[in-house]
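Structural description and commentary
As a plain string of letters, each chain reads:
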Amino acid sequence: MENSRVADLLDEIADLLELKGANEFRIRSYQAASRTVRSTSRRLQDMIEQGESFETLPNVGVSTAGKIREILDTGTCKRLEELRAEWPQGLIQVMGVEGIGPRKAMKLYQELGVQSLEELQQAAAAGRIQEVEGFGEKSQRQILRGIQTLSGTSDRILYSEAVQQVESLRRHLAELDTVKQWEIAGSYRRGRETVGDLDVLVLAEDRMRAATQLSSHKEIAAVISQGSEKLSVRLQSGLQVDFRFCDAANWGAAVFYFTGSKDHNIAVRRIAQEHDWKLNEYGLFSGEDRMAGKTEQEVYAALGLQWIPPELREDRGEVEAARQGTLPVLVDLDDIRGDFQSHTVASDGSHTVQQMADAARKRGYSYLAITDHSKRVAMAQGLDDDRCLRHADEIRSVDAQMEDLWVMAGIEVDILQSGTLDLKHKTLEQLDWVVGSIHYDRRLSEDKMTDRLLAAIESGVIHCLAHPLGRIIGRREPLLFDTARVFESCVNNGVFLEINAQPDRLDLPDTYCQDARSMGAMFTLGSDAHSVGGLGWMGVGINVARRAWLQKEHILNTVSVSTLRQQLERS
DNA sequence: GCCGTTTTCGGCCCGACTGTTTTCAGTCG
């Protein structure tokens, strides 16, 4: 079982306890354990096999360690089953709607018998919600909106979660003697922020035997269909995986075809049609003759195209660029020399400045910006002016000990409702790196929100606008503001736009980056790591940058430390 | 339920907004 699945079950325990009105610290404790499990780079299964105790993990004590072991052994645990028996399963989904927490979910359950999202939707549509004490017309409207947001993405999982499923598949596939070659295609290969299912191409001579071996994967909950071309299964996590069998002769064509996107395929096929050729998953054909199909390169080349990186395959001009030989050289993870957003125990991170710095150096970075929260983010124990400056001193003393890493004294300062910043300019001016971001007062009119952002950008003290949209994928809508004006102001004021690499943020998203880039914007990548493991999210951020056609020269993280110092001195 | 100890139990995440009320509960980050 994968870490993410264990984390899901711990979260479910926390949710059910919350519904019950259990001790909030106990709830938080399960959530903390879940976060640890989710973000740790060690596989729990591996830890068991190597005889290591889960109690060595932060936020995991005797009790939770026992439950994790139980979950790994049996797929669930007694405590969870007890809690599940107490309340309707659907109430957790109801709690997932923005604006509905445990109390409201319980109230609606008790007053209206709402046990599921569907029943919530019906109750809201019928106007019954606003009749309940404590609710009104606005709550009812917000609930309908919230359900819509949820249903838009509920059938897709985050890319980062898919990565874990793929890792598990990878280990299984590596052990099968029937599988000669395999590749994950689809939106996963294109690096999309969410993934609906996995398309796995498999090269095997004996397909029947391969199918049997594939089906033996421990993570499979059910086989949906099985034939000579395709095996479809559903994993325990709910994710569907389609294995498609190919031959060596059409391998490239199949990889091309199943990587998509649909629109990209159509655009490429149109070129084949111009020549009276036919392009499908079995190859490029002139009449009955297969002209190409072994590799993707061969297929593209036969059509007079450069090979197109999967991240660009969205029919956003890449086919024309490939035809003219003008595809961009996309930024790569290897180009990244540092990270511009990270947190420590000074606010809501779980590691110290020293630990974060050591981890950054281990990754081969030349610089790491420590950007803890400012005081407005009270729940994170954000820093006031005094603490901010003292923290900067601490960062600099760590920096002085590091030979080949610049630990940048920074802050993530909140942009308040008025557009002023949460800390004094005099304070911010003493720091190496200032990112500005919005966490509160999210529901302003578009005009007010735009003015608020412009004020911050024009303040002259922020280097970077962090997670500009403030969205959480599938859960929180983006802030409403005039993106063109904001991007333009960033360009004019030399303020970088962040691509926040938190897997559920990925903010700015690719299409916004493309728009901003066309206006001349420059970017930073920030893992927004809240622990040493979190630095690893950089790779997910790179996907976004690549999908946005960004090159090395558009991204500050690719410059050397000396160039970075020069650039920051000038600005 | 975890953590860090003053090693056996107290502290842990708190401030502000929203929508509902008429003084505040619930939610959010």
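Residues numbered from 1 in each chain as written. Chains lettered and ligands numbered in written order. Predicted model: local features only at pLDDT ≥ 70, side-chain atom pairs only at ≥ 80, totals over all residues. Heavy atoms only, no water.

In this section: the nonpolar core. The nonpolar side chains of a soluble globular protein tend to be buried with one another. Leu 198 and Phe 523 are the most contacted members of the largest nonpolar core, which totals 91 residues. If you count residues domain by domain, this core takes at least three from each of domain 2 (157-246) and domain 4 (333-570). Beyond its immediate stretch of four places on either side in the chain, Phe 523 contacts Phe 496, Leu 497, Ile 499, Leu 508, Cys 513, Ala 516, Arg 517, Leu 550, His 554, Ile 555, Leu 556 and Asn 557. With 46 residues, the next largest nonpolar core counts Val 6, Ala 33, Leu 57 and Val 94 among its residues. (Core = buried A, V, L, I, M, F, W, Y, C linked by side-chain atoms within 4.5 Å. Buried < 20%, exposed > 50% of the residue type's maximum accessible area, 1.4 Å probe, protein only. Domains from an automatic or database assignment. Contact = heavy atoms within 4.5 Å.)

Let us now look at helix α12 (residues 207-215). Every buried residue of α12 is listed here: Arg 207, Ala 210, Ala 211, Gln 213 and Leu 214. Within α12, the buried residues cover an arc of 165° as seen down the axis, which keeps them to one side. Counted as exposed and oriented over 90 degrees from the buried face of α12: Met 208 and Thr 212. On the buried face of α12, the contacting elements are α10 (159-174), β4 (197-204), β5 (220-226), β6 (230-235) and β7 (240-246). Sitting at the head of α12, Asp 206 places a side-chain oxygen 3.4 Å from the backbone nitrogen of Met 208. (Helix = DSSP H or I, 4+ residues; strand = E, 2+ residues; numbered from the N terminus. Arc of directions from axis to C-beta. Polar contact = N/O pair within 3.5 Å; in protein donor to acceptor, adjacent residues only side chain to side chain.)

With that settled, consider the domain arrangement of chain A. Split by domain assignment, chain A resolves into domain 1 (3-153), domain 2 (157-246), domain 3 (250-324) and domain 4 (333-570). Using C-alpha coordinates to define each centre, domain 1 is positioned 45 Å away from domain 3.

For the rest of this paragraph, the subject is the protein's contact with DNA strand B. In the vicinity of DNA strand B, 36 residues are found, and the nearest of them are Arg 28, Asn 59, Gly 101, Gly 136 and Arg 476. With respect to DNA strand B, the backbone of Glu 137 contributes an N or O atom lying 3.4 Å from a phosphate oxygen. Contributing elements (two or more residues each) for the surface near DNA strand B: α2 (24-39), α4 (62-74), α7 (102-112) and α9 (137-153). Of the residues forming the surface near DNA strand B, the biggest block, five residues, is contributed by α2. In terms of residue class, the surface near DNA strand B is made up of 12 nonpolar, 12 polar and 12 charged. (Near = heavy atom within 4 Å. Nonpolar A, V, L, I, M, F, W, Y, C, P; charged D, E, K, R; others polar.)

When the terminal C-alpha atoms of helix α20 (residues 446-457) are compared, their 16 Å separation across 12 residues agrees well with the 16 Å that a helix rising 1.5 Å per residue should span. Considered for burial, the residues of α20 that qualify are Met 449, Thr 450, Arg 452, Leu 453, Leu 454, Ala 456 and Ile 457. Tucked inside the fold, the buried residues of α20 contact β15 (464-465) and α21 (483-493). (Expected span 1.5 Å × (residues − 1).)

The strand order across the open sheet built from seven strands is β11-β12-β13-β14-β15-β16-β17, with neighbouring strands paired in parallel fashion. With partners counted over all chains shown, the strands left at the sheet margins are β11 (338-339) and β17 (523-526), one partner each. Strands in contact with helix α18 (residues 385-401) are β12 (367-373) and β13 (406-414); relative to β13, the strand with the most contacts, it is inclined by about 160°. (Pairing = 2+ DSSP bridges. Axes fitted to C-alpha atoms, helices over the stretch in contact; angles between N-to-C directions.)

Right, let's talk about the packing of aromatic side chains for a bit. Counted by the stated rule, this structure contains six aromatic pairs. Note on Tyr 159 and Tyr 188: the rings are 5.1 Å apart at their centroids and 15° apart in plane angle, and the pair reads as stacked. Of the two residues, Tyr 159 sits in helix α10 while Tyr 188 sits in helix α11 (residues 186-189), which places them 29 residues apart along the sequence. A residue is classified by how much of its surface remains accessible, and Tyr 159, at 12% relative accessible area, is buried. Exposure remark for Tyr 188: the relative accessible area of 11% places this residue in the buried category. Ring plane angle 90° and centroid distance 5.5 Å describe the contact between Phe 256 and Tyr 300, whose orientation is recorded as edge-to-face. (Phe/Tyr/Trp six-rings, centres within 6.5 Å; stacked < 30°, edge-to-face > 60°.)

Attention now moves to the pairing of β17. Taking every second residue as pointing to the same face, both faces of β17 are buried, with Phe 523 and Leu 525 on one and Thr 524 and Gly 526 on the other. Pairing of strand β16 (residues 496-500) with β17 involves four bridges; the strand directions are parallel. Residue pairing across strands places Leu 497 opposite Phe 523, the latter belonging to β17.

Glancing now at the environment of Val 114. Assignment of secondary structure puts Val 114 in the loop between α7 and α8 (117-125). Separated by 15 residues in sequence, Val 114 and Ile 129 have C-alpha atoms that sit 10.0 Å apart. Aside from chain neighbours lying at most four places away, what touches Val 114 is Leu 91, Val 94, Leu 108, Tyr 109, Glu 119, Leu 120 and Ala 123.

Let us look at the sheet that holds β4. As summarised here, the arrangement of the five strands in space is β2-β4-β7-β6-β5, forming an open sheet in which the pairing is mixed. The two strands at the open ends of the sheet, each matched to only one other strand, are β2 (179-184) and β5. The mean angle between the axes of side-by-side strands here comes to 25°, regardless of whether they run parallel or antiparallel. As paired elements, β6 and β7 share five bridges and run antiparallel to each other. Pairing of Val 233 across the sheet is with Val 241, part of β7. Those strands touched by α10 are β2, β4, β6 and β7, and its axis lies near 15° from that of β4. Taken strand by strand, α12 contacts β4, β5, β6 and β7, and its axis lies near 160° from that of β7.

Moving on to the pairing of strand β10 (residues 289-292). Across three bridges, strand β9 (residues 283-286) lies against β10 in antiparallel orientation. Within β10, the residue paired with Phe 285 across the bridge is Arg 290. What sits between β9 and β10 in their antiparallel hairpin is a turn of two residues, with Gly 287 showing a positive phi close to 65°.

It is the contact of helix α1 (residues 3-20) with helix α5 (residues 78-86), at a shortest axis distance of 10 Å, that shows an interaxial angle of 45°. Between α1 and α5, the interaxial angle falls into the category oblique. The crossing of α1 and α5 is left-handed. Touching Leu 9, Glu 12, Ile 13, Leu 16, Leu 17 and Lys 20 of α1 are Arg 79, Leu 80, Leu 83, Arg 84 and Glu 86, all from α5. Class assignment of the residues belonging to the contact of α1 with α5 gives a composition of six nonpolar, no polar and five charged. (Parallel < 35°, antiparallel > 145°, perpendicular 65-115°, else oblique. Left-handed = near helix turned anticlockwise from the far one by under 90°.)

In this section: the side chain of Ser 34. In this fold, Ser 34 is placed in helix α2. On the basis of relative accessibility, which here comes to 1%, the residue Ser 34 falls in the buried class. Excluding residues within four positions of it along the chain, Ser 34 makes contact with Ala 7, Leu 10 and Asp 11.

This part is about the pattern of salt bridges. Inspection of every chain in the model, using the stated rule, returns 30 salt bridges. Between Arg 547 and Glu 314 there is a salt bridge, with its nearest N and O atoms 3.0 Å apart. Of this pair, Arg 547 sits in helix α23 (residues 538-547) while Glu 314 is found in the loop between α15 (296-302) and α16 (318-324), placing the two residues 233 residues apart along the sequence. A residue is classified by how much of its surface remains accessible, and Glu 314, at 15% relative accessible area, is buried. (Salt bridge = Lys/Arg side-chain N within 4 Å of Asp/Glu carboxyl O.)

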